[in-house]
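Residue strings, one per chain:
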Amino acid sequence: MIEAGAPYGIATAADGAIWFTLAHQGCVGRLVPGEEPVIHRLDPADGLPTVITPGPGGAMWFTEYKGGRISRITTDGQLTVHEATTPYGITAGPDGAMWFTQIEAGKIGRIGADGALTAFEVPVEGGMPSFITAGPDDALWFTLNQGNAIGRISLAGEITVHPLPTEGAAPVGITLGPDDALWFVEIGAGQVGRIDTTGKITEHPLPDRAARPHAIITGPGGALWFTQWAADRVGRITVDGTIEEHALPSVPGRDGDQGKGEPHGLTVGPDGAVWVALEAGALARLG
């Protein structure tokens, strides 16, 4: 259990520590498995920290969606802050810069190694760019949650949009798969999708189409793992489309009842297991 609040984003640092955001408490935590977590309270604490990811030099980067900030945090908690409008997804690019989405502003942003910020307009009005990841092709790939599409942005800022075949799919999480394709989850359609660098799209329906998949990563064994927010499960899908599902432990509510875990982010920990951020107040380890 994480007594300090509700974990949302989670990622593993180069030194093997697990970092996570506590969205509603305005905190970022660092956990070395087997030890007590160290919690860093942000100031101000009302920014809604969301996605967190490793960056160059061993530091972690995270977005504060409501506060309009992107921060770099070192192992000892030192912060460097950049202002940006409604940032959400963030990832390290192949150019040594940090790339991020601006979900309401409809832009893709870049923070260079020198701290310079550049923004590129996404040519889909109201598209809501969400998660972003580095591809195998010296480009960044991102989901357009309300644009019902997957986008690609080159390092020069050129954007290509690939519409999804399923109406109302509402893609959210996206990651580079072990097969050098981009894999994503469709929270609106209950599917896992795959797009290769030519733009070919394949969709895999989940057994429970109402599971509302949220985040996805490449995990152990050459498969992909994803959270199912509404179903309190984690799914595993192989590159040939075979799906397994794993139940998550229930989390005691404030009144002592066993409630839903509300899984959001997930990461492969230093021990090779999958760790899941449960917004109900815990980090779960699978394996």
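This one's a predicted model, so the numbers in the text were calculated from it and none came from an experiment. (Residues numbered from 1 in each chain as written. Predicted model: local features only at pLDDT ≥ 70, side-chain atom pairs only at ≥ 80, totals over all residues. Heavy atoms only, no water.)

Draft legend 1. Spatial organisation of the sheet that holds strand 22 (residues 224-228). An order of 21-22-23-24 is seen for the 4 strands of this open sheet, with the pairing classed as antiparallel. Of all strands in the sheet, those with a lone pairing partner are strand 21 (213-218) and strand 24 (243-247), marking the two edges. Here the average twist between neighbouring strands, direction ignored, is 25°. Where strand 23 (residues 233-237) meets strand 24, 5 bridges bridge the pair, whose relative direction is antiparallel. Along strand 24, the bridge assignment pairs R233 with A247. (Pairing = 2+ DSSP bridges. Helix = DSSP H or I, 4+ residues; strand = E, 2+ residues; numbered from the N terminus. Axes fitted to C-alpha atoms, helices over the stretch in contact; angles between N-to-C directions.)

Draft legend 2. Inspection of the nonpolar core at higher detail. Membership of the largest hydrophobic core comes to 26 residues, with the highest contact counts inside it found for I70, I90, W141, I150 and I174. Once you skip the residues sitting within four places of it in the chain, I90 turns out to touch V51, T53, W61, T63, I70, M98, W99, F100 and I132. I217, A223, V274 and L286 belong to the second largest nonpolar core, which has 14 residues in total. (Core = buried A, V, L, I, M, F, W, Y, C linked by side-chain atoms within 4.5 Å. Buried < 20%, exposed > 50% of the residue type's maximum accessible area, 1.4 Å probe, protein only. Contact = heavy atoms within 4.5 Å.)

Draft legend 3. Focus on the sheet that holds strand 27 (residues 263-268). Read across the sheet, 3 strands follow the order 27-28-29 without closing on themselves; strand pairing throughout is antiparallel. A strand with exactly one partner marks an edge of an open sheet, and here the two such strands are strand 27 and strand 29 (282-286). If you compare each strand with its neighbour and ignore which way they point, the axes differ by 25° on average. By the bridge criterion, 4 bridges tie strand 27 to strand 28 (residues 274-278) in an arrangement that is antiparallel. The partner of T267 across the bridge, within strand 28, is W275.

Draft legend 4. Quick look at the packing of aromatic side chains. Applying the stated criterion across every chain, the model contains 2 aromatic pairs. Between the aromatic rings of Y88 and F131, the centroid separation amounts to 5.2 Å while the plane-to-plane angle is 90°, which identifies the pairing as edge-to-face. Taken together, the positions of Y88 in strand 9 (residues 87-92) and F131 in strand 13 (residues 129-134) put the pair 43 residues apart, joining distant regions of the chain. Classification of F131 as buried rests on a relative accessible area of 13%. Centre to centre, the rings of W99 and F120 are 6.0 Å apart; their planes meet at 15°, and the pair counts as stacked. (Phe/Tyr/Trp six-rings, centres within 6.5 Å; stacked < 30°, edge-to-face > 60°.)

Draft legend 5. Here's a closer look at unusual backbone geometry. Looking along the chain, the bond that leaves D43 and enters P44 is cis, with omega of 5°. Mapped onto the fold, P44 is located in the loop between strand 4 (38-41) and strand 5 (49-54). A positive phi angle is found at T86, which is not glycine, with a value near 40°. Mapped onto the elements, T86 comes out in the loop between strand 8 (79-83) and strand 9.

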